[in-house]
Amino acid sequence: MIEPSRRAACGVCLRPQSACICRWITPVAHEAEVLILQHPMEAGHAKNTGRLLHLSLPRSRVLVGETFEESGLHAAMSETPAYTVLLYPPARQDDEEPALDLEQLKDPSQVRLVVLDATWRKSRKMLHLNPLLRQLPRLSLEDVPASNYLIRKAHKPGQLSTLEATCAALAQLERDADKYQPLLQAFDGFVARQLALQSGFQSA
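One structure accompanies this document, and this report is about it. (Residues numbered from 1 in each chain as written. Predicted model: local features only at pLDDT ≥ 70, side-chain atom pairs only at ≥ 80, totals over all residues. Heavy atoms only, no water.)

**Considerations on the overall build of the protein chain**
Worth spelling out the cut-off: Secondary structure elements are defined from DSSP: runs of H or I of at least 4 residues count as helices, runs of E of at least 2 residues count as strands, and each element is numbered from the N terminus. Exposed residues in this analysis have more than 50% of their type's maximum accessible area, buried residues have under 20%, and partly exposed residues fall in between, with area computed by a 1.4 Å probe over protein chains only. Two residues qualify as a contact provided that any one of their heavy atoms is within 4.5 Å of a heavy atom in the partner residue. To measure how exposed things are, a 1.4 Å probe is used in the Shrake-Rupley method; for residues, cover is taken only from the protein chains shown.
Helix and strand content of the protein chain: seven helices and five strands. Listing each helix as α and each strand as β along the protein chain from the N terminus yields β-α-α-β-α-β-β-α-α-β-α-α. The proportion of buried residues among the 204 residues of the protein chain is 43%. Long-range pairs, those at least 24 residues apart, make up 76% of the contacts in the protein chain between residues at least 6 apart in sequence. Carbon and sulfur atoms make up 53% of the accessible area of the protein chain, which totals about 11700 Å².

This is the structure we're talking about:
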């Protein structure tokens, strides 16, 4: 029996060519390094924004997994730049959390921003399964922008896509919100395309 051929995939974004996102790749000369820890369920998700974010940020890296070997994760966070922070809301008062060193944040080029690319529920599980992540100081967003991520349901106000949250964090670190507007506009195009596809499926 001959197996059906797989749909041809784009060699850049790794998506099927019919769902290629390369037109929305918008390179940004960001200062802080970005380490994206992507949950496996997000890696092939059509509505995921982590891949578009990674392709648009030259100083970014993606590791896929739910549980990471501590040695490998430690190595990924031990290279320069020197100061690593986790983009995540503050821990509860009864949890130990390293204090954020505001002095080290003054030079974004020496900061590594760790981002969890997962649903909120899965991101909490990733924190639980990877103690090294819980040892990182947390960077939270000062002014949470309104989300344009209309293709996935937010369970609470202020929940953003991975791309939106990372852009907001980088803009906060660099004190330059305008720099990330082109990428956010490209993201809006990506969302509009996904909405159009959803509408087509629903009407078919």
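Picking up after the structure, the text goes on.
**Digging into helix 6 (residues 162-174)**
This is how the line gets drawn: Expected span of a helix, by definition, is 1.5 Å for each gap between consecutive residues, and there is one gap fewer than residues.
In a regular helix each residue adds 1.5 Å, so 13 residues correspond to 18 Å; helix 6 covers 18 Å between its end C-alpha atoms and thus fits that length. Of all 13 residues that make up helix 6, 13 are buried, and the element is covered over most of its length. Two residues or fewer after helix 6 comes R175, characterised by a positive phi angle close to 55°.

**Here we look at helix 4 (residues 120-129)**
Our working definition: This arc is taken over the directions from the axis of the helix to the C-beta atoms.
By the burial criterion, the buried members of helix 4 are K122, S123, M126 and L127. Each buried residue of helix 4 sits inside an arc of 145° when the element is viewed along its axis, so together they form one side. Summarising the geometry of helix 4, the exposed residues directed more than 90 degrees from the buried face are R121 and H128. In this fold, the buried residues of helix 4 make contact with strand 1 (33-38), helix 1 (40-43), strand 3 (83-87), strand 4 (111-117), helix 5 (131-134) and strand 5 (138-139).

**What to know about the side chain of N130**
Cut-off, in case you're wondering: Two N or O atoms form a polar contact when they lie within 3.5 Å of each other; inside protein one atom must be a possible hydrogen donor and the other a possible acceptor, and for residues adjacent in sequence the pair counts only when both atoms belong to side chains.
As for its placement among the helices and strands, N130 is situated in the loop between helix 4 and helix 5. Among the polar contacts listed, one links the side chain of N130 to the backbone oxygen of E66, at a separation of 2.8 Å. A distance of 2.8 Å separates a polar side-chain atom of N130 from the backbone oxygen of M126. Those residues within four positions of N130 in sequence are excluded, and the remaining contacts are E66, T67 and F68.

**A word on the pattern of salt bridges**
Filter applied, for reference: Salt bridges are defined as contacts in which a side-chain nitrogen from Lys or Arg sits within 4 Å of a carboxyl oxygen from Asp or Glu.
Scanning the entire structure with this criterion turns up four salt bridges. R112 is the salt-bridge partner of E33, the closest N and O atoms lying 2.8 Å from each other. Within this pair, whereas E33 is found in strand 1, its partner R112 is found in strand 4, the two being separated by 79 residues in sequence. Here the two residues E33 and R112 agree in accessibility, since each one is buried.

**A closer look at a negative patch on the surface**
Cut-off, in case you're wondering: Grouping into patches uses exposed residues only, defined as over 30% relative accessible area, and leaves out salt-bridged ones; the cut-off is 9 Å for like charges and 5 Å for nonpolar side chains (Val, Leu, Ile, Met, Phe, Trp, Tyr). We treat Lys and Arg as the positive residues and Asp and Glu as the negative residues; His and chain ends play no part in the count. Charge positions are represented by NZ for Lys, CZ for Arg, CG for Asp and CD for Glu.
A cluster of acidic residues, E31, D107, D176 and D178, forms a negative patch at the surface. In this fold, D107 is placed in the loop between strand 3 and strand 4.

**Looking at empty space enclosed by the protein**
Quick reminder of the rule: Think of a 1 Å grid over just the protein atoms. A cavity is a set of points where a 1.4 Å probe fits yet cannot get out, a pocket is an open set with protein on both sides within 12 Å along at least five of seven lines, and lining residues have an atom within 4 Å of a point. Grid points are joined across faces, edges and corners, and a volume is the space filled by probe spheres set on the points. Gly counts as polar in this scheme, as do all residues outside two lists: the nonpolar Ala, Val, Leu, Ile, Met, Phe, Trp, Tyr, Cys and Pro, and the charged Asp, Glu, Lys and Arg.
In total, this model carries one cavity of 30 Å³ or more according to the counting rule given. Considering only enclosed or pocket space, the largest cavity measures out at about 40 Å³ in volume. In this structure, the largest cavity is lined by S18, A19, C20, R23, W24, R193, Q194 and L197. Taken together, the residues of the lining of the largest cavity sort by class into four nonpolar, two polar and two charged.

**Section: the sheet that holds strand 5**
This is how the line gets drawn: For two strands to be treated as a pair, DSSP must find at least two bridges joining them.
Taken together, the five strands give an open sheet; going across it, the order is 2-1-4-3-5, and neighbouring strands pair in parallel fashion. Looking at the sheet topology across the chains shown, the edges are occupied by strand 2 (60-64) and strand 5. Where strand 3 meets strand 4, four bridges bridge the pair, whose relative direction is parallel. Bridge assignment links V85 to a residue of strand 4, and that residue is L113.

That is the geometry; function is a separate question.
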